[in-house]
Amino acid sequence: SDDFEQARGRIGIPLTLESTTLLLSGEGGYSSDELPVERSYSLGGFFNISGFAQNSMVADNYWVGRAMLFHRFVRSGSALFNLGGYVGGTFEYASLRTEIQDVGDFPNIVAGSTFVGFDTPLLPLYLGFGLNNESEYSFYLALGRIARER
């Protein structure tokens, strides 16, 4: 069916003191009852309900609250290349609802991750570990910015 409604929103507030940043963020998505399965939201992965594999969770309606704390422990480079190193962690709380019978709802997911990151001349590189209360865990190697569109 092509007769459905969908809305998605996101908000984030960074609080920085010297070399330490706390990023508080939340996001959510709503879909009407007539949502085709292929239009469901894909979630899961590093900084996005940690512990699950990338995009391994689906939902028609969801919300995620997130607190990320990271500290820049190395700063070097030139005017052209700003290089640095980071260490940090996340705490995530999520609720996923779906009409897909074979998938089911995940109303209370608690997840978190720890990571180290390094600025490179091209993009940041992250090495991390995530786990959640669904007994899922993953190791991550990610290249790219933390805040990105999904």
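Before any of the text, the structure's been laid out above.
Keep in mind it's a predicted model, so treat the numbers as computed, not measured.

## Structural notes on the overall build of the protein
Looking only at helices and strands, one finds zero helices and nine strands in the protein. The helix and strand sequence of the protein, counted from the amino end, reads β-β-β-β-β-β-β-β-β. When each of the 150 residues of the protein is scored for burial, the buried share is 39%. Sequence-distant contacts in the protein: of pairs separated by 6 or more residues, those separated by 24 or more amount to 50%. Carbon and sulfur atoms form 59% of the exposed surface of the protein, whose accessible area is close to 8800 Å².

## Let's talk about the nonpolar core
Considering soluble globular proteins, one finds that nonpolar side chains tend to be buried as a cluster. The biggest cluster of nonpolar side chains holds 11 residues, and these are Tyr41, Leu43, Ile49, Phe52, Met57, Ala59, Tyr62, Val64, Ala94, Leu96 and Ile109. Mapped by element, the contributors of at least two residues to this core are strand 3 (41-43), strand 4 (57-59), strand 5 (61-77) and strand 6 (82-97). Formed by eight residues, the second largest nonpolar core is a distinct cluster that contains Phe46, Phe47, Met68 and Tyr86.

## Let's talk about the environment of phenylalanine 91
Along the polypeptide, phenylalanine 91 turns up in strand 6. Given the relative accessible area of 48%, phenylalanine 91 is considered partly exposed. Sequence separation between phenylalanine 91 and alanine 67 is 24 residues, and the spatial gap between their C-alpha atoms is 5.3 Å. Those residues within four positions of phenylalanine 91 in sequence are excluded, and the remaining contacts are Gly65, Arg66, Ala67, Val110, Ala111 and Gly112.

## Considerations on the environment of leucine 22
Position of leucine 22 among the secondary structure elements: in strand 2 (residues 20-31). For leucine 22, a relative accessible area of 29% translates into the label partly exposed. Here the alpha-carbon distance between leucine 22 and leucine 69, two residues 47 residues apart in the chain, equals 4.5 Å. The contact partners of leucine 22, leaving out residues within four places of it in the chain, are Ile13, Pro14, Leu15, Met68 and Leu69.

## Some details on the pairing of strand 7 (residues 106-118)
Where strand 7 lies against strand 8 (residues 125-132), eight bridges are found, and the strand directions are antiparallel. Each residue of the ladder has a partner; that of phenylalanine 118, found in strand 8, is leucine 125. Between the antiparallel neighbours strand 7 and strand 8 lie six residues.

Rules of the game
Residues numbered from 1 in each chain as written. Predicted model: local features only at pLDDT ≥ 70, side-chain atom pairs only at ≥ 80, totals over all residues. Heavy atoms only, no water. Helix = DSSP H or I, 4+ residues; strand = E, 2+ residues; numbered from the N terminus. Buried < 20%, exposed > 50% of the residue type's maximum accessible area, 1.4 Å probe, protein only. Contact = heavy atoms within 4.5 Å. Areas by Shrake-Rupley, 256 points an atom, 1.4 Å probe, with all protein chains shown as cover. Core = buried A, V, L, I, M, F, W, Y, C linked by side-chain atoms within 4.5 Å. Pairing = 2+ DSSP bridges.

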